[in-house]
Amino acid sequence: QVRLVESGGGLVQAGGSLTLSCAASGFTFSKYHMAWFRQAPGKAREFVAGILDNGGSTDYIESVKSRFAISRDNAKNTVTLQMNSLKPEDTAVYYCAGDFRYGPLLHAAPAYDYWGQGTQVTVSS
């Protein structure tokens, strides 16, 4: 049974930091590109950051570059999103997702095969 379980969300003041973790099981994690998406109320789900299956390359949306860092540990089947200098506009439910693909990281949510249940991140001003 495939599972992606996110943890680490919460309430933080603007300028603070949070670390999100995603634990994967039930599939060959090292063969999947992994990504973090987020969805704010009334908005579409958007790609935030992604990392290739071998960890060799990462990608970020412009608004989080230099503030967020994605990493993975294929030995532990985990992917992490370190979020620094958080802003109120980062408030959203954050989802971990996996994509089995020979090719680059994609930003489109439908491309991803597996999803976690999400974790809430709230940044107060």
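Look above for the structure.
Below, the structure is looked at part by part. Along each chain, residue indices are assigned from 1 in the same order as the chain's sequence is written. Restriction of local features to residues with pLDDT of at least 70 applies here, the model being predicted, together with a cutoff of 80 or more for giving and counting side-chain atom pairs; totals for whole chains, interfaces and linings are based on all residues. With hydrogens and water set aside, each side-chain value is computed from the structure's full complement of heavy atoms.

1. Observations concerning the overall build of the protein
Stage number 1. Check the secondary structure of the protein and you find 0 helices and 11 strands.
Stage number 2. Helix and strand labels come from DSSP, where a helix needs a run of H or I of at least four residues and a strand needs a run of E of at least two; each type is numbered from the N terminus. Put simply, the protein runs from its N terminus to its C terminus through helices and strands in the order β-β-β-β-β-β-β-β-β-β-β.
Stage number 3. Dimensions of the protein, computed from the C-alpha atoms along their principal axes, are close to 40 × 25 × 25 Å.
Stage number 4. Summary of the burial criterion: residues with accessible area below 20% of their type's maximum are buried, those above 50% are exposed, and those between are partly exposed, where the area comes from a 1.4 Å probe applied to protein chains only. For the protein, the residues scored as buried account for 42% of the 125 residues in total.
Stage number 5. Contacts were defined at the residue level, with two residues in contact if any of their heavy atoms lie within 4.5 Å. Put simply, of all contacts in the protein between residues at least 6 apart along the chain, 59% involve residues at least 24 apart.
Stage number 6. Working note: accessible area of the protein is about 6200 Å², and carbon and sulfur atoms make up 49% of it. Each accessible area is a Shrake-Rupley estimate made with a 1.4 Å probe; only the visible protein chains count as cover when residues are assessed.

2. Comments concerning the environment of serine 57
Stage number 1. Mapped onto the fold, serine 57 is located in the loop between strand E5 (46-51) and strand E6 (58-60).
Stage number 2. Through-space distance from the C-alpha of serine 57 to that of leucine 4 is 21 Å; in sequence the pair is 53 residues apart.

3. Points about the sheet that holds strand E8 (residues 78-83)
Stage number 1. Any two strands with at least two DSSP bridges between them are considered paired. In spatial order, the strands read E1-E3-E8-E7; together these 4 strands make up an open sheet with antiparallel pairing. Looking at strand neighbours, the two that pair on one side only are strand E1 (3-7) and strand E7 (68-73), the edges of this open sheet. Neighbouring strand axes in the sheet, compared pairwise and without regard to direction, differ in orientation by 15° on average.
Stage number 2. Across 6 bridges, strand E3 (residues 18-25) lies against E8 in antiparallel orientation. Bridging across to E8, cysteine 22 finds its partner in valine 79. Axis angles are defined between N-to-C directions and span 0 to 180 degrees, where every axis is a line fitted to C-alpha atoms and, for a helix, only to the segment in contact.

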